[in-house]
Amino acid sequence: MPAPERTAGPDPWSTLLDVLVCPLCGGRLATSGGSLRCPAGHTFDIARQGYVSLLSGGSRAAGADTAAMVRARAEFLDSGHFAPLARLLAERTAAFCPAGGTVLEAGVGTGHHLAAVLDALPRAVGLGLDSSKFALRLAARAHPRLGAASWDLWQPLPVRSGSVDVLLNVFAPRNGEEFHRVLRPSGALLVVTPTARHLDELRQPVGLLSVDATKEARLHRTLSQHFRRTGTEVEEAVVGLDEPAEVENLVAMGPTARHLAAEELHRRVAGLDLPVRVTLSFRLSVYRPLVRSEQ
């Protein structure tokens, strides 16, 4: 699948420095050599791969994706199997993001989905936050209008209040209070979660973790204090996987990889009768921020 033609547009940091704030004091950040620096003197390095390291002291959020998980995700996403989800995200984001708007992806991963969204919004800029330095190395180069920074999503976001037009959250932690704070009152939160049918054909033979049956209820409970859900839709695609490496990458990019050793995964995949057809099934929910009188 050929890569789409991408417009360079504005330097993302010329806009994103109006969005990002110093995570230690909340001050405005400005470029200073190879770093970002606030008036109080707090300094955050820009890695040679292009992302900004906002997690101070070399700290690392629990659960950050490993190099192996990121490599598997990049290879599988590059195959184009998730293209229907990327297209759906781009279409729905375009409905809410004004020209020249700002899109934040909380849990940006490799930047694959945010890049697709920016392709559909030629004047918008994107900010991707993630705790994995391995993912951020790819995200920082995923699109010319995407800026990437390291952060733990469970902590207060290093983002100015009311500065984001659309917030994307794809298979990532959801910090409802902070998502509400950083979104404009006219903004939208787009959340993607797996349905119970996601990867169902691999669940038993490979030993995938099951999707929690209470996931949707927990999602609503997590966000309902700050958002109202205005729409939900399910996107499904059945893909054919011909090579063992494709199956291994699909499993290794997700949460099962934390519980299944690579050697055991390889053994189980070797026992499959390939090619195998696998269901990719996602639910996209749209949330709008509640105003103070509704909370």
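Each remark here, short or long, concerns the structure printed above.
These figures come from a predicted structure and were not determined experimentally.

### Let's talk about the sheet that holds strand β8 (residues 164–170)
Right, so step 1: The eight strands are arranged β4-β7-β6-β5-β8-β9-β11-β10 in an open sheet whose pairing can be described as mixed. For this open sheet the edge positions go to β4 (52–53) and β10 (227–241), each flanked by a neighbour on one side alone.
Right, so step 2: Of the strand pairs in this sheet, strand β6 (residues 125–130) and strand β7 (residues 146–150) are connected by five bridges, and their pairing is parallel. Within β7, the residue paired with G128 across the bridge is A148.
Right, so step 3: Across the sheet, helix α9 (residues 244–252) touches β10 and β11 (276–289), and the angle it forms with β10 is around 160°.

### Some remarks on the pattern of salt bridges
Right, so step 1: Counted under the stated rule, the structure contains 11 salt bridges.
Right, so step 2: D65 serves as the salt-bridge partner of R73, at 2.8 Å between the closest nitrogen and oxygen. With respect to burial, R73 and D65 carry one shared label: buried.
Right, so step 3: When the shortest N-O distance is used, the salt bridge between E91 and R92 registers 3.6 Å.
Right, so step 4: Classification of E91 as partly exposed rests on a relative accessible area of 48%.

### Describing helix α7 (residues 200–207)
Right, so step 1: Restricting attention to buried positions, one finds in α7 the residues L202, R203 and V206. Buried residues along α7 cover an arc of 120° about the axis, so they all sit on one side.

### Re the sheet that holds strand β3 (residues 43–45)
Right, so step 1: With antiparallel pairing, three strands are arranged side by side in an open sheet as β1-β2-β3. Looking at which strands have only one partner, the edges of the open sheet turn out to be β1 (30–32) and β3. Recorded for the sheet is a direction-independent mean angle of 35° between the axes of neighbouring strands.
Right, so step 2: In this structure, strand β2 (residues 35–37) lies alongside β3, joined through three bridges in antiparallel fashion. Counted as the bridge partner of S35 is D45 from β3.

### Brief notes about unusual backbone geometry
Right, so step 1: Here the bond from L274 into P275 is cis, since omega is 0°, no more than 30 degrees from zero.
Right, so step 2: If you trace the backbone, P275 turns up in the loop between α10 (262–270) and β11.
Right, so step 3: Located in the positive-phi region is L199, a residue other than glycine, with phi close to 60°.

### Things to note about the environment of V192
Right, so step 1: Relative to the elements of secondary structure, V192 occurs in strand β9 (residues 183–194).
Right, so step 2: By relative accessible area, which is 0% here, V192 ends up buried.
Right, so step 3: V192 sits 39 residues away from L153 along the chain, and the two C-alpha atoms are 16 Å apart.
Right, so step 4: Those residues within four positions of V192 in sequence are excluded, and the remaining contacts are L85, L89, N169, V170, F171, F282, R283 and L284.

### Re the packing of helix α3 (residues 83–96) against helix α4 (residues 112–120)
Right, so step 1: Across the interface, α3 lies against α4 with an axial gap of 8 Å and an inter-helix angle of 45°. Taken together, α3 and α4 sit at an angle that is classed as oblique. Of the two possible hands of crossing, α3 and α4 adopt the one that is right-handed. From α3, L85, A86, L89, A90 and T93 reach across to α4, where they touch H113, A116, V117 and A120.
Right, so step 2: Classifying every residue of the contact of α3 with α4 by side-chain character gives seven nonpolar, two polar and no charged.

### What to know about the packing of aromatic side chains
Right, so step 1: All chains considered together, the criterion is met by four aromatic pairs.
Right, so step 2: Geometrically, the ring pair formed by F82 and F282 is tilted, given 5.3 Å between the ring centres and 55° between the ring planes. Note that F82 is positioned in the loop between α2 (67–78) and α3 and F282 in strand β11, a separation of 200 residues in sequence. Each member of the pair F82 and F282 is classed as buried.

### Remarks on the side chain of S35
Right, so step 1: The residue S35 is located in strand β2 in this model.
Right, so step 2: Not counting residues up to four positions away in its chain, the partners in contact with S35 are A30, T43, F44, D45 and I46.

### What to know about the state of the cysteines
Right, so step 1: By the definition in use, this model includes zero disulfides.
Right, so step 2: Lacking any disulfide linkage, C22 is separated from the closest cysteine sulfur, that of C25, by 3.7 Å.
Right, so step 3: You can call C22 buried: its relative accessible area is 2%.
Right, so step 4: For C25, a relative accessible area of 43% translates into the label partly exposed.

Conventions used here
- Residues numbered from 1 in each chain as written.
- Predicted model: local features only at pLDDT ≥ 70, side-chain atom pairs only at ≥ 80, totals over all residues.
- Heavy atoms only, no water.
- Pairing = 2+ DSSP bridges.
- Helix = DSSP H or I, 4+ residues; strand = E, 2+ residues; numbered from the N terminus.
- Contact = heavy atoms within 4.5 Å.
- Axes fitted to C-alpha atoms, helices over the stretch in contact; angles between N-to-C directions.
- Salt bridge = Lys/Arg side-chain N within 4 Å of Asp/Glu carboxyl O.
- Buried < 20%, exposed > 50% of the residue type's maximum accessible area, 1.4 Å probe, protein only.
- Arc of directions from axis to C-beta.
- Parallel < 35°, antiparallel > 145°, perpendicular 65-115°, else oblique.
- Left-handed = near helix turned anticlockwise from the far one by under 90°.
- Nonpolar A, V, L, I, M, F, W, Y, C, P; charged D, E, K, R; others polar.
- Phe/Tyr/Trp six-rings, centres within 6.5 Å; stacked < 30°, edge-to-face > 60°.
- Disulfide = S-S within 2.5 Å.

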